[in-house]
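If you want the building blocks of each chain, they are given just below.
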Amino acid sequence: RPRRESMCRHEPCLQTLVESLPNEILMEIFKHLDVPDLKNVATVCKQWNEAASHQHLLYSIGERMAEKREYVQARSVLKRSSEKGSVQAWVSLGKLYQHGKGGPSDFAWAFHCYRIAAKKHHPTAMNDLGWLYEKGLGISPDPTMAAHWYHESAKLENCSGENNLGWCYQHGTGVPKDEAKAFYWYTRSAQHGGKSALNNLAFCYLSGIGTTKNVQKALEVYENAANSGNLLSQYSLGKLYFTGEHGITVDLPKSLYWLEKPAARNHEPSKRLLETVRLAFIQQTSGALSQDLHLSSSSSASVFPSVSQVALPLNDPVSSGSTSDDSSYEESNDESSGSSSYSSSSSLAPSFLSLSSPPTSFLFPSPTPLSSP
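Residues numbered from 1 in each chain as written. Predicted model: local features only at pLDDT ≥ 70, side-chain atom pairs only at ≥ 80, totals over all residues. Heavy atoms only, no water.

Peer 1: Whenever I open this one, the overall build of the protein chain confuses me. Can you help?
Peer 2: Within the protein chain one finds 20 helices and zero strands. Going through the 373 residues of the protein chain one by one, you find that 46% of them count as buried. Long-range contacts, defined as pairs at least 24 residues apart, comprise 58% of the intrachain contacts of the protein chain with a sequence gap of at least 6. (Helix = DSSP H or I, 4+ residues; strand = E, 2+ residues; numbered from the N terminus. Buried < 20%, exposed > 50% of the residue type's maximum accessible area, 1.4 Å probe, protein only. Contact = heavy atoms within 4.5 Å.)

Here it is in structure tokens:
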């Protein structure tokens, strides 16, 4: 039995001990104890009960319940952990309320949870609170407050907060429009592992937003984002190689390759475009079919459209936090961050990104006082 002072001093070890010893094993251990040792069982149980009510252990248990989709129990345990002072439990509890897991969605409670954690300088909570302000969920829409909390999150190097702050600067949402600052924050986010920021950064290179237009660099960044699993970047590459916009050489095999990935994840725009590209590919590779199409009537030719016949919007705006957008190369900002850690991994940051010094003077209007949920 660990000494009491050791248990108090080494909480991670205690947490590991409790997690790794289910009741069945404990009973087996007790079976082999002598009578004098069994007299200590009461003391052990008392210490065990005290440990089981610790905020960190409760949080760990709540997270495991959420992973097992036991959301009702997870809400209850995480609430106990948050009441005992666990900041991370407030964030996890907010996500359960926001996404309606373990009960109906309750954005007012999600706002309440994020606000408490944000005031304790939790970067993920700051980003999520900004998103609720931006969307007007659980609170009246307030772009200025949204940008304020994105900025607070970005200062702590949260990649979602950095990306969302860049989005605000690009569109002038809650802050004066400044494309140079937008490009700067997208770069920061990409360096800290932000997948959405890579997609946004590529769009900046493609369109010359906050930087010199560089189509080759745009393709390079798009591919980095696409290889990391970013759905919009995969879709964008597929469309670029199909339409040949911005002077890019039409490459139907590459278009098919990139469109098949998001289509397999049920991305509807990719699924629709994929069918069109497949038909165009058949037309391109089948000489006999191509000859028949040239000789056929215009009505039959429309069955197999050529690349030049397909008119696709190239700059549809993406709404903030959209989970099902039909955009092409436009930027997207993150919804509530899924990160649960205070620091972001930089493993996804492409090596070619070089960050210059930040633009001078990040000026934010004074935020209005937060109201009670």
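Now that the structure has been shown, we can carry on.
Peer 1: It is not clear to me how helix H10 (residues 123–135) should be interpreted in this structure. Could you clarify?
Peer 2: For an α-helix, 3.6 residues make a turn, and residues three or four places apart therefore share a direction. Taking 1.5 Å of rise per residue, the 13 residues of H10 would be expected to cover 18 Å, and the 19 Å separating its terminal C-alpha atoms lies within 8% of that figure. Across the 13 residues that make up H10, a large majority, 12, are buried. Listing the buried residues of H10 in full gives Pro123, Thr124, Ala125, Met126, Asn127, Asp128, Leu129, Gly130, Trp131, Leu132, Tyr133 and Glu134. Buried residues along H10 sit against helix H8 (87–98), helix H9 (107–119), helix H11 (143–155) and helix H12 (159–171). (Expected span 1.5 Å × (residues − 1).)

Peer 1: I keep staring at the side chain of Asn164 and nothing clicks. Help me out?
Peer 2: Inspection of the secondary structure assignment puts Asn164 in helix H12. On the basis of relative accessible area, Asn164 is assigned to the buried category, the value being 0%.

Peer 1: Looking at this structure, how should I read the packing of aromatic side chains?
Peer 2: Two measures describe an aromatic ring pair: the distance that separates the ring centres and the angle between the ring planes. Counting across every chain of the model gives five aromatic pairs. Ring centres of Tyr97 and Trp109 lie 5.6 Å apart, and the angle between their planes is 25°; on these two criteria the pair is classed as stacked. Of this pair, Tyr97 sits in helix H8 while Trp109 sits in helix H9, placing them 12 residues apart in sequence. Between Phe183 and Tyr205, the ring centres sit 5.4 Å apart and the planes meet at 90°, which makes this aromatic pair edge-to-face. One end of the pair, Phe183, is in helix H13 (residues 179–191); the other, Tyr205, is in helix H14 (residues 195–207), with 22 residues separating them in the sequence. Its relative accessible area of 15% is what places Phe183 among the buried residues. Residue classification places Tyr205 among the buried positions, given a relative accessible area of 10%. (Phe/Tyr/Trp six-rings, centres within 6.5 Å; stacked < 30°, edge-to-face > 60°.)

Peer 1: What is the right way to read unusual backbone geometry from this model?
Peer 2: Leave glycine aside and you will find that most residues have negative phi; peptide bonds, for their part, are mostly trans. You will see that Glu157, though not glycine, has its phi angle at about 65°, which is positive. With respect to the helices and strands, the residue Glu157 is situated in the loop between H11 and H12. The phi torsion at Asn266 lies on the positive side, around 65°, for a residue other than glycine. With respect to the helices and strands, Asn266 occurs in the loop between helix H17 (252–264) and helix H18 (268–285).

Peer 1: Whenever I open this one, the environment of Asn224 confuses me. Can you help?
Peer 2: For Asn224, the location among the structural elements is in helix H15 (residues 215–227). Asn224 gets classed as partly exposed once you look at its relative accessible area, which sits at 28%. With 29 residues separating them along the chain, Asn224 and Lys195 place their C-alpha atoms 8.9 Å apart.

Peer 1: Before we go on, may I ask you to explain helix H7 (residues 71–83) in this structure?
Peer 2: Compared with an ideal rise of 1.5 Å per residue, which puts 13 residues at 18 Å, H7 spans 18 Å between its outermost C-alpha atoms and is within 8% of the ideal. Every buried residue belonging to H7 is among Tyr71, Ala74, Arg75, Val77, Leu78, Ser81 and Ser82, and all of these are buried. Looking at the buried residues of H7, the elements they touch are helix H6 (55–67) and H8. One or two residues past the end of H7 sits Gly85, with phi positive at roughly 110°.

Peer 1: Help me understand the packing of helix H16 (residues 231–243) against H18 in this model?
Peer 2: Two measures define how a pair of helices packs: the angle their axes make with one another and the distance between the axes. Closest axis-to-axis distance for the H16/H18 pair is 11 Å, and the angle between their directions is 30°. The orientation of H16 relative to H18 falls into the category roughly parallel. Note that H16 runs across H18; the crossing there is left-handed. Contacts from Tyr235, Lys239 and Phe242 in H16 reach Pro269, Ser270, Leu273, Thr276, Val277 and Ala280 in H18. Residue composition of the contact of H16 with H18, grouped by class: six nonpolar, two polar and one charged. (Axes fitted to C-alpha atoms, helices over the stretch in contact; angles between N-to-C directions. Parallel < 35°, antiparallel > 145°, perpendicular 65-115°, else oblique. Left-handed = near helix turned anticlockwise from the far one by under 90°. Nonpolar A, V, L, I, M, F, W, Y, C, P; charged D, E, K, R; others polar.)

Peer 1: So what exactly am I meant to see when it comes to the environment of Pro143 here?
Peer 2: Structurally, the position occupied by Pro143 is in helix H11. Under the relative-accessibility criterion, Pro143 is labelled partly exposed at 40%. When the C-alpha atoms of Pro143 and Trp131 are compared, they prove to be 9.3 Å apart, with 12 residues separating the residues in sequence. The residues contacting Pro143, other than those within four sequence positions of it, are Thr173 and Gly174.

Peer 1: What's the story with the nonpolar core in this structure? I'm lost.
Peer 2: Where a protein is soluble and globular, its nonpolar side chains tend to be buried together. One finds Leu129, Tyr133, Trp149, Leu201, Tyr222 and Leu237 to be the most contacted residues of the largest nonpolar core, which totals 65 residues. No other element matches H14, which puts eight residues into this core. (Core = buried A, V, L, I, M, F, W, Y, C linked by side-chain atoms within 4.5 Å.)

Peer 1: I would appreciate a short explanation of the packing of H17 against H18 in the present structure.
Peer 2: It is the contact of H17 with H18, at a shortest axis distance of 9 Å, that shows an interaxial angle of 155°. Judged by the inter-axis angle, H17 sits roughly antiparallel to H18. Crossing of H17 over H18 shows left-handed handedness. Between H17 and H18, the contacting residues are Leu252, Pro253, Ser255, Leu256, Leu259, Glu260, Pro262 and Ala263 on the first element and Ser270, Lys271, Leu273, Leu274, Val277, Arg278, Ala280, Phe281 and Gln284 on the second. Taken together, the residues that form the contact of H17 with H18 break down as 11 nonpolar, three polar and three charged.

Peer 1: Just checking my understanding: could you explain the confidence of the model for the protein chain for this structure?
Peer 2: Detailed reading of the predicted coordinates is not advisable wherever pLDDT is low. In this model, the protein chain carries an average pLDDT of 76, and 62% of its residues clear a pLDDT of 70 or more. Every residue in residues 1–12 is under pLDDT 50, and counting partners more than four places away or in other chains gives 12 contacts. Contacts of residues 297–332 to residues separated by more than four positions or lying in other chains number 92 contacts, the stretch itself having pLDDT below 50. (pLDDT = per-residue confidence, 0-100.)

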